[in-house]
Amino acid sequence: MSNTTTLDTSKTKDSDTNQKELVNMTIKQVISKIEQQYSHQPEFIQAVKEVMETLEPTVEKHPEFVKAKIYERIVEPDRAVSFRVPWVDDKGEVQVNRGWRIEFNSAIGPYKGGLRFHPSVNESIIKFLGFEQIFKNSLTTLPMGGGKGGSDFDPKGKSDNEVMRFAQAFMRELYRHIGPDTDVPAGDIGVGGREIGYMFGYYKKLRNEHTGVLTGKGINWGGSLIRPEATGYGSVYFAQEMLATRNDSLKDKVAIVSGSGNVAQFTAEKVTQLGGKVIGLSDSSGTIIDEDGINPEKLEYVMNLKNVKRGRINEYAAKYGCKFFPGKGIWDVLRENNIKCDAAFPSATQNEISKENAESLIKNGCFCISEGANMPSTPEAIEVYQKAKILYGPGKAANAGGVAVSGLEMSQNSLRLSWTREEVDQKLQKIMKDIHSACLDASKNYATEGDYVSGANIAGFLKVAKSMVDLGVV
Ligand code: NDP
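Right, let's walk through the structure included here.

Rules and cut-offs
- Residues numbered from 1 in each chain as written.
- Predicted model: local features only at pLDDT ≥ 70, side-chain atom pairs only at ≥ 80, totals over all residues.
- Heavy atoms only, no water.
- Helix = DSSP H or I, 4+ residues; strand = E, 2+ residues; numbered from the N terminus.
- Expected span 1.5 Å × (residues − 1).
- Bend = angle between axes of the 7 residues up to and from the residue.
- Polar contact = N/O pair within 3.5 Å; in protein donor to acceptor, adjacent residues only side chain to side chain.
- Salt bridge = Lys/Arg side-chain N within 4 Å of Asp/Glu carboxyl O.
- Buried < 20%, exposed > 50% of the residue type's maximum accessible area, 1.4 Å probe, protein only.
- Pairing = 2+ DSSP bridges.
- Axes fitted to C-alpha atoms, helices over the stretch in contact; angles between N-to-C directions.
- Near = heavy atom within 4 Å.
- Nonpolar A, V, L, I, M, F, W, Y, C, P; charged D, E, K, R; others polar.
- Core = buried A, V, L, I, M, F, W, Y, C linked by side-chain atoms within 4.5 Å.
- Contact = heavy atoms within 4.5 Å.
- Parallel < 35°, antiparallel > 145°, perpendicular 65-115°, else oblique.

Considerations on helix α6 (residues 123-139)
Look at α6: 25 Å from first C-alpha to last across 17 residues, which is about the 24 Å you get at 1.5 Å a residue. The sharpest bend along α6 reaches about 30° and sits at Gln-133. A distance of 3.0 Å separates the backbone nitrogen of Ser-124 from a side-chain oxygen at the start of α6, and that oxygen is part of Asn-122. Taken from the residues just after α6, Thr-141 is the one with a positive phi, measuring 75°.

What about the pattern of salt bridges?
Oppositely charged side chains can pair when the atoms bearing their charge come close. Counted by the stated rule, this structure contains 24 salt bridges. Two residues, Asp-160 and Arg-194, come together in a salt bridge whose shortest N-O distance is 2.7 Å. With Asp-160 in helix α7 (residues 160-174) and Arg-194 in helix α8 (residues 193-207), this residue pair connects regions lying 34 residues apart in the sequence. Residue Asp-160 is classed as partly exposed on the basis of its relative accessible area, which comes to 46%. Note that Glu-359 and Lys-355 form a salt bridge whose closest N and O atoms lie 3.5 Å from each other. Of this pair, Glu-359 and Lys-355 both sit in helix α14 (residues 355-363), four residues apart, which is roughly one turn of that helix. With relative accessibility at 38%, the residue Glu-359 sits in the partly exposed group.

Considerations on unusual backbone geometry
Despite not being glycine, Ile-226 has its phi angle at roughly 75°, a positive value. Residue position: Ile-226 is located in the loop between α8 and α9 (227-244). When its relative accessible area of 3% is taken as the criterion, Ile-226 is described as buried.

A short note on the sheet that holds strand β7 (residues 277-283)
Across a sheet, strands are paired by hydrogen bonds formed along the backbone, either parallel or antiparallel in direction. An order of β9-β8-β7-β6-β10-β11-β12 is seen for the seven strands of this open sheet, with the pairing classed as mixed. Single-partner strands in this sheet number two, and they are β9 (323-326) and β12 (391-393). Strand-to-strand twist in this sheet, taken as the mean axis angle between neighbours without regard to direction, amounts to 15°.

Section: the site of the ligand
Within the structure, the ligand sits among 26 residues, and Asp-188, Thr-231, Ser-284, Arg-312 and Asn-374 are positioned closest to it. Between an oxygen atom of the ligand and a main-chain N or O atom of Asn-262, the distance comes to 2.9 Å. Measuring from an oxygen atom of the ligand, one finds a side-chain N or O atom of Asn-374 at 2.8 Å. Sorting the residues of the shell around the ligand by element identifies α9, α10 (262-273) and β7 as the ones contributing at least two each. Split into classes, the residues belonging to the shell around the ligand amount to four nonpolar, 14 polar and eight charged.

Concerning the nonpolar core
If you look at the biggest cluster of nonpolar residues, it comprises 94 residues, and the most contacted ones within it are Met-52, Tyr-71, Ile-74, Phe-131, Phe-345, Ile-435 and Phe-461. Among the elements that line this core, the one with the most residues is helix α19 (residues 452-470), at nine residues. Excluding residues that lie within four positions of it along the chain, Tyr-71 makes contacts with Thr-26, Ile-27, Val-30, Met-52, Leu-55, Thr-58, Val-59, Phe-65, Val-66 and Phe-461. Counting 24 residues, the second-largest nonpolar core is a separate cluster that includes Phe-170, Leu-174, Met-199 and Tyr-202.

Overview of the packing of helix α18 (residues 421-446) against α19
One way to put it is that α18 packs onto α19 with a least axis distance of 7 Å and a crossing angle of 100°. When the axis of α18 is compared with that of α19, the two are roughly perpendicular. Every residue of α19 that contacts α18 at His-436, Ala-438, Cys-439, Leu-440, Ala-442, Ser-443 and Tyr-446 is listed here: Tyr-452, Gly-455, Ala-456, Ile-458, Ala-459 and Leu-462. Of the residues in the contact of α18 with α19, the class split is ten nonpolar, three polar and no charged.

A short note on the sheet that holds strand β1 (residues 79-88)
Here we have five strands laid out as an open sheet, ordered β1-β2-β4-β3-β5, and mixed in their pairing. Looking at which strands have only one partner, the edges of the open sheet turn out to be β1 and β5 (183-186). Taken pair by pair, the neighbouring strands of this sheet meet at an average axis angle of 20°, ignoring direction. Strands in contact with α6 are β2 (94-105), β3 (111-117) and β4 (145-151); relative to β4, the strand with the most contacts, it is inclined by about 155°.

Put into structure tokens, the structure is as follows:
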């Protein structure tokens, strides 16, 4: 009897060791292959590592994923289209840009994800965004696969006519790859209502059909109420949910929001509506700190400045007499001037917050970070948050409200119905609540309870991975 017991224990130990090795090998091999194959794509590698390292517990619990090589398959896009975008500027000169659409994964629905127009855009950036989008879209509970696209075109300083001619040239190629049941792009950095309008108009012309092929459309031609607000509002709703786990709220909290574009504007609006005070905003020309708070009247000025006048944030400082730090990123300004805040909403771009900036945020009292932007914190900054055990909502969960309402826009287009502001906002709030719970549940069942990073990755991954197994080797 005792012999049998001894034998069993050693067998268990052996199989435990084998299991651990299998986990290590699977994840390590995937990361190492990506590092070698795509060494010129640092942002993509960063995103893959961040997700893969947290998926270790799923390897142990789901041998069917290992057998079907889900980990190897999910890091390779279904297809990546790259194309030339020639257009004519106002002087009559021909300009040439590059365009991309990366269709990453359609296991749970048509590809869905924004288009970014910014001079920094390259294949690495679009791949990192497309990869993240798979898990984010899965978290929304809506049937959307992951994709992303864009161009190195810079809309800044261009006339409306130039933006239109570029958008039409971009769509002249993109139209053959997208469709309401195939791939449905939306906006992102540098792509707002104006750009979506020009692209939608041209798609309609080329295809002779008025369908829900893009989201973020204008309200008169198929758009959804609350879509412009959705990412910013959603990120604040996510912060609210995190704060509620500590019986706290945004009331009377001092907040910092980076950027001053679409996501930043509606983040600032919702924080203010919930009783918080936003004291900082930025753009690529610098940072403003307004200790009196950016109240609704001042925010309206910002919206007009950025969306209509297309001006720079220093004009705010000139008008309201607050501090302006030219050429400085907002997180550097906080660190160098020891500015205190309770909550931070990075809402501009990737890798904005370095380790030093993260340390300084925490030293100066910040205990809640909700990411409106995609991957705005470096891996080292995330480690700092996790060590300090502050509330940290990673982008793929916290900013999923935008794509969620894009999904609702697709539903309304299919139904040929429009829901009211209140209806869409209620659905958005419920989705953000559900995403928060899904992250917490997954963190409890698979990793460390309350770790939203692992929770978001695992919850988003499981649905896609199970679907991929069901759909066979495709
Ligand atoms: P916008 O173009 O409307 O605004 C971007 C803002 O960030 C601008 O103020 C811009 O400054 C600033 N910014 C952009 N790049 C840089 C840079 N390299 N350095 C300094 N500042 C920069 O974009 P969105 O608000 O739509 O997007 C912001 C973030 O949110 C992105 O990470 C995007 O991927 C993410 N996101 C957006 C969603 C959406 O629905 N729009 C959905 C989910 C995530 P300037 O005006 O000077 O260029």
